[in-house]
Amino acid sequence: MKNVDKIKMKSEILATAFLGLAVRSIISLYSYSGFDSPPMHGDYEAQRHWQEITVNLEVGEWYTNSSSNDLMYWGLDYPPLTAYHSYFLGRIGKAIDPRFVELHESRGFQSEEHKRFMRATVVAADVLIYLPAILYLVFSIDKTFQSNDKLFLFTLIAAYPGQILIDNGHFQYNNISLGLAAVAVGAILRRRLYTASFFFTLALNYKQMELYHSLPFFAYLLGECVSQKSFTSFASQISRIAAVVLATFAILWIPWLGSFQAALQVLHRLFPVARGVFEDKVANVWCAVNVVWKLKKHLRNDQMALVCIGCTSIAALPTNVLLFRQRTKAGFLLALFNTALAFFLFSFQVHEKTILLAALPSLFLMKWWPKEMIIFLQVSLFSMLPLLTKDELLVPALVSTVTFHLIFNCFNSKAKLDNEYLLKYVANISNILIICIVGAFLTIPAPSRFPDLWPLVISVISCGHFLLFFLWGNFQQFTCKIS
């Protein structure tokens, strides 16, 4: 009987994976960031341009401004693992058609063949990294979870529109960094600390935004080391973890370690303070504050960066101190959620898509707090609305969101909570507010005096929701029995 159940479970998971890939493939048929939008185009062109640069230039030139590498035109601003990935894809693209990555001449290159190639590279990352990684994490959370619980989580994560629309629609490779981080989280939950250290270092070296998850990993790993019974055991474990992290960093950064100036240039590209605290309307505190008090008029970029570091540290400290002292599976996931929200709300240079870093742990918290997390994920999609509309992805966004809710309701139709009435009341207010704003955004043009009115309203309303969830997450971590 157990063998039959296992076969059934594997079949259901495989079917879910194919369903997730089908949704991704359909969305890939739509437009992408920067389509027919010269001279800079968009994120699609940025990814293509990085392939062009890495294939045609020496490694030491990838992050350096030159006549062959104009950093003002989509210069590389992600860590070395992204650059190596771009090089690998660029070599494949060049073998298919050299025009894809021809130095200088390929800027803004668009063709159906190239679109199919680029879209296929994202789906390949979903198949090879993201979906296997979340499946590994689903089976790492809790041995007491039933098969239906695991299928529920995997189905929801595979169908979550936020990641699909940003990667397979807008066009990015968040699936790689999120996938590597998911493996690291799963390894933590299985108490495989060296594996977790290795994979999280890879995630951090693919996208520096994984700093959003760094403090919980640091707090958990340090807590595990400190809890050893003897100093010898402590020293042995912490030195091994440090060796894994430093060796991984060294291998990935070796082309730039021969020169302090070269390494500094890469860091300068990764943390561009000169670009300001935010660029577009994003659902964080600083964009909301800027409505009534213009930050850029009163604070220099370096001052604002220090303010952001201070506020983010204060916001993230309590949840990580508690995790350091009490290391549980649910507590670790809550700490990831709370810390990612603290970074999103208060840190420097936040982008719309970085809400995915809070969405990842929230998806795995679904088992314990399904109704709360579905509201959060709904707001995460709502906060991306201006970006998705700009990329002409409104139709797939609406359809995939409705599908996501239907899947959730199929699995959770009988779920009941102690605070069901209050939660329904809050959810109804949130839903009505969001529906009204979406309707106004789509039908009522913004006045000429305030052309960014609706994106600003969406960002402020979303920020209010995220602040409430940040408080809720910290409250749960400090009070609930699970944590």
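This one's a predicted model, so the numbers in the text were calculated from it and none came from an experiment.

A. The arrangement of the overall build of the protein in detail. Check the secondary structure of the protein and you find 21 helices and zero strands. Here the C-alpha atoms of the protein give a radius of gyration of 22 Å, agreeing with the 23 Å that 2.2 N^0.38 yields for 483 residues. For the protein, the spread of C-alpha atoms along the principal axes amounts to about 65 × 60 × 55 Å. The proportion of buried residues among the 483 residues of the protein is 54%. Taking all contacts inside the protein whose residues are at least 6 apart in sequence as the whole, residues at least 24 apart take part in 78%. Here the protein has roughly 22100 Å² of accessible surface; of this, 66% comes from carbon and sulfur atoms.

B. Fine view of the pattern of salt bridges. Here the structure, examined in full by the defined rule, presents nine salt bridges. Between D97 and R99 there is a salt bridge; the shortest N-O distance is 2.8 Å. Residue R99 is classed as partly exposed on the basis of its relative accessible area of 47%. One salt bridge in this structure joins R191 and E224, with 2.5 Å as the shortest N-O distance. Here R191 is found in the loop between α7 (174-189) and α8 (193-206), whereas its partner E224 is found in helix α9 (residues 214-226), with 33 residues between them in sequence. Among the charged side chains, a network of salt bridges with common partners joins E45, R48 and E52.

C. Quick look at the packing of aromatic side chains. One pass over the structure, following the stated rule, counts 29 aromatic pairs. Three or more aromatic residues link up through ring pairs in this structure, and these residues are F337, F344, W368, W369, F376, F466, F469 and W472.

D. Broad picture of the side chain of H351. For H351, the location among the structural elements is in the loop between α15 (329-346) and α16 (356-364). A polar contact is formed between the side chain of H351 and the side chain of Q349, at a distance of 3.3 Å. When neighbours within four sequence positions are excluded, H351 is seen to be in contact with R275, E279, V282 and F344.

E. Molecular detail of helix α11 (residues 260-270). All of the buried residues along α11 are A263, V266, R269 and L270. When α11 is viewed along its axis, its buried side chains cluster within an angular range of 120° and face the same direction. Across from the buried face of α11, at angles greater than 90 degrees, the exposed residues are F260 and Q261. On its buried face, α11 is in contact with α10 (231-253).

F. Examining the packing of helix α6 (residues 161-171) against α7 more closely. Packing of α6 against α7 leaves a shortest axis separation of 9 Å and a crossing angle of 135°. With respect to each other, α6 and α7 are oriented oblique. Contact residues: Q163, I166 and D167 in α6; N174, N175 and L178 in α7. Taken together, the residues of the contact of α6 with α7 break down into two nonpolar, three polar and one charged.

G. Representation of helix α5 (residues 147-159) within the structure. Compared with the 18 Å implied by 1.5 Å per residue over 13 residues, the 18 Å span of α5 between its first and last C-alpha is a close match. Burial analysis of α5 places eleven of its 13 residues in the buried class, which makes it a mostly covered element. Looking at α5, one finds that the buried residues are D149, K150, L151, F152, L153, F154, T155, L156, I157, A158 and A159.

H. Highlighting unusual backbone geometry. A cis amide bond links P38 to the next residue, P39, at an omega of 5°. Note that P39 resides in the loop between α1 (2-27) and α2 (43-56). Despite not being glycine, F171 has its phi angle at roughly 105°, a positive value. For F171, the location among the structural elements is in helix α6. Take F171: its relative accessible area is 0%, and that puts it in the buried class.

I. Layout of the environment of Q237. With respect to the helices, strands and loops of the structure, Q237 is situated in helix α10. A relative accessible area of 15% places Q237 in the buried class. Spatially, the C-alpha atoms of Q237 and L221 are 9.5 Å apart, while their sequence positions differ by 16 residues. Once you skip the residues sitting within four places of it in the chain, Q237 turns out to touch L193, Y194, E224, C225 and Q228.

J. Local environment of the environment of C308. Secondary-structure assignment places C308 in helix α14 (residues 301-325). Each C-alpha atom of the pair C308 and F343 lies 8.9 Å from the other, and the pair is 35 residues apart in sequence. Leave out the neighbours within four places in its chain, and C308 touches V277, W286, F346, S347 and F348.

K. Region of the structure containing the state of the cysteines. This model, assessed by the stated rule, comprises zero disulfides. Distance from the sulfur of C308, which forms no disulfide, to the nearest cysteine sulfur (C311) is 7.0 Å. Note on C308: relative accessible area 1%, which makes it buried.

L. Local environment of the environment of D43. Structurally, the position occupied by D43 is in helix α2. In this structure, the C-alpha to C-alpha distance between D43 and L336, residues 293 residues apart in sequence, is 27 Å.

M. The side chain of R269, seen in detail. With respect to the helices, strands and loops of the structure, R269 is situated in helix α11. Buried and without a salt bridge, R269 has D77 as its closest oppositely charged side chain, separated by 4.8 Å. Side-chain polar atoms of R269 contact the backbone oxygen of G75, separated by 3.0 Å. Look past the residues within four positions of R269 in its chain and what remains in contact with it is Y63, L71, G75, L76 and D77.

Basis of the calculations
Residues numbered from 1 in each chain as written. Predicted model: local features only at pLDDT ≥ 70, side-chain atom pairs only at ≥ 80, totals over all residues. Heavy atoms only, no water. Helix = DSSP H or I, 4+ residues; strand = E, 2+ residues; numbered from the N terminus. Rg over C-alpha atoms; globule rule 2.2 N^0.38 Å. Buried < 20%, exposed > 50% of the residue type's maximum accessible area, 1.4 Å probe, protein only. Contact = heavy atoms within 4.5 Å. Areas by Shrake-Rupley, 256 points an atom, 1.4 Å probe, with all protein chains shown as cover. Salt bridge = Lys/Arg side-chain N within 4 Å of Asp/Glu carboxyl O. Phe/Tyr/Trp six-rings, centres within 6.5 Å; stacked < 30°, edge-to-face > 60°. Polar contact = N/O pair within 3.5 Å; in protein donor to acceptor, adjacent residues only side chain to side chain. Arc of directions from axis to C-beta. Axes fitted to C-alpha atoms, helices over the stretch in contact; angles between N-to-C directions. Parallel < 35°, antiparallel > 145°, perpendicular 65-115°, else oblique. Nonpolar A, V, L, I, M, F, W, Y, C, P; charged D, E, K, R; others polar. Expected span 1.5 Å × (residues − 1). Disulfide = S-S within 2.5 Å. Lys, Arg positive; Asp, Glu negative; His and termini not counted.

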